[in-house]
Structures are given as structure tokens and as C-alpha cells.
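Chain by chain, the residues:
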Amino acid sequence: MIDPISSKISDATFEHLDKNLPLTFHANEFSVQQYESLLKHLFGLFGEESTLSHTLAIKTGLQKVL
């Protein structure tokens, strides 16, 4: 069974990046500033501790976009 919070974090990661990255984006262009923006967004939605304890969910969301 998939952890519901992990699924939500993964989906939120995908949605944030899908809205904020250019269509011609390549994975090697992902910057520290973009990652910090993503974390700030996720912290606002799920809290810092919950977000950081679900880093695999962030990775899953990143893989969907990249």
C-alpha cells in the first residue's frame, strides 16, 4: 500500500515542476534555485519535517517530470 502523504508529495512535486519549468527543460538544467523553490512550496503544503521525511516521494515526482 502506498503511503497517502508520499503520494500527495509526489503529485505536488510533479504539479509544481510541470507549472514552473519550461517545456524544453532538460534534467541537467535543474538548478539549486529551482530545487529550493520546490522545497519551499512543499514545506508550505506539508511542513518541513513531513516533506524531508518523504524524500523518495520528491524523487518520484521529479522523475515524472524529468
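This one's a predicted model, so the numbers in the text were calculated from it and none came from an experiment.

Turning to the pattern of salt bridges, a few remarks are in order. Using the criterion set out here, one finds 1 salt bridge in the structure. When the shortest N-O distance is used, the salt bridge between Asp11 and Lys64 registers 3.3 Å. In this pair, Asp11 sits in helix 1 (residues 4-20) while Lys64 sits in helix 4 (residues 55-65), placing the two residues 53 residues apart along the sequence.

What follows covers the nonpolar core. Core analysis: the largest hydrophobic core is formed by 12 residues, namely Ile9, Ala12, Leu17, Leu21, Phe25, Leu38, Leu39, Leu42, Phe46, Ala57, Ile58 and Leu62. For this core, the elements supplying multiple residues, two or more each, are helix 1, helix 2 (32-46) and helix 4. When residues in this core are grouped by element, the largest group, 4 residues, is from helix 2.

Quick reminder: α-helices carry 3.6 residues per turn. Residues three or four places apart thus point the same way. A rise of 1.5 Å per residue sets the reference length of helix 2, with its 15 residues, at 21 Å; its end C-alpha atoms lie 20 Å apart and thus fit the reference within 8%. For helix 2, every residue scored as buried is listed here: Leu38, Leu39, Leu42 and Phe46. One side of helix 2 carries all its buried residues, which in axial view fall inside an arc of 100°. Set apart from the buried face of helix 2 by more than 90 degrees, the exposed residues are Gln33, Lys40 and Gly44. Structurally, helix 2 contributes buried residues whose contacts are with helix 1, helix 3 (48-52) and helix 4. Note on helix 2: the residue one or two positions beyond its end, Gly47, has a positive phi of about 85°.

Turning to the side chain of Ser10, a few remarks are in order. Along the chain, Ser10 falls in helix 1. Of the polar contacts made by the side chain of Ser10, one reaches the backbone nitrogen of Gly61; its length is 3.4 Å. Contact partners of Ser10, with chain neighbours within four places excluded, come to Ala57, Thr60, Gly61 and Lys64.

For helix 1, which comprises 17 residues, the first-to-last C-alpha distance of 24 Å matches the rise-based estimate of 24 Å (1.5 Å per residue) to within 8%. Along helix 1, the residues classified as buried are Ser6, Ile9, Ser10, Ala12, Thr13, His16 and Leu17. For helix 1, the angular spread of the buried residues around the axis is 165°, confining them to a single face. The exposed set on the far side of helix 1, more than 90 degrees from its buried face, consists of Lys8 and Lys19. Of the surrounding elements, those touching the buried residues of helix 1 are helix 2, helix 3 and helix 4.

Conventions and cut-offs
Residues numbered from 1 in each chain as written. Predicted model: local features only at pLDDT ≥ 70, side-chain atom pairs only at ≥ 80, totals over all residues. Heavy atoms only, no water. Salt bridge = Lys/Arg side-chain N within 4 Å of Asp/Glu carboxyl O. Helix = DSSP H or I, 4+ residues; strand = E, 2+ residues; numbered from the N terminus. Core = buried A, V, L, I, M, F, W, Y, C linked by side-chain atoms within 4.5 Å. Buried < 20%, exposed > 50% of the residue type's maximum accessible area, 1.4 Å probe, protein only. Expected span 1.5 Å × (residues − 1). Arc of directions from axis to C-beta. Contact = heavy atoms within 4.5 Å. Polar contact = N/O pair within 3.5 Å; in protein donor to acceptor, adjacent residues only side chain to side chain.

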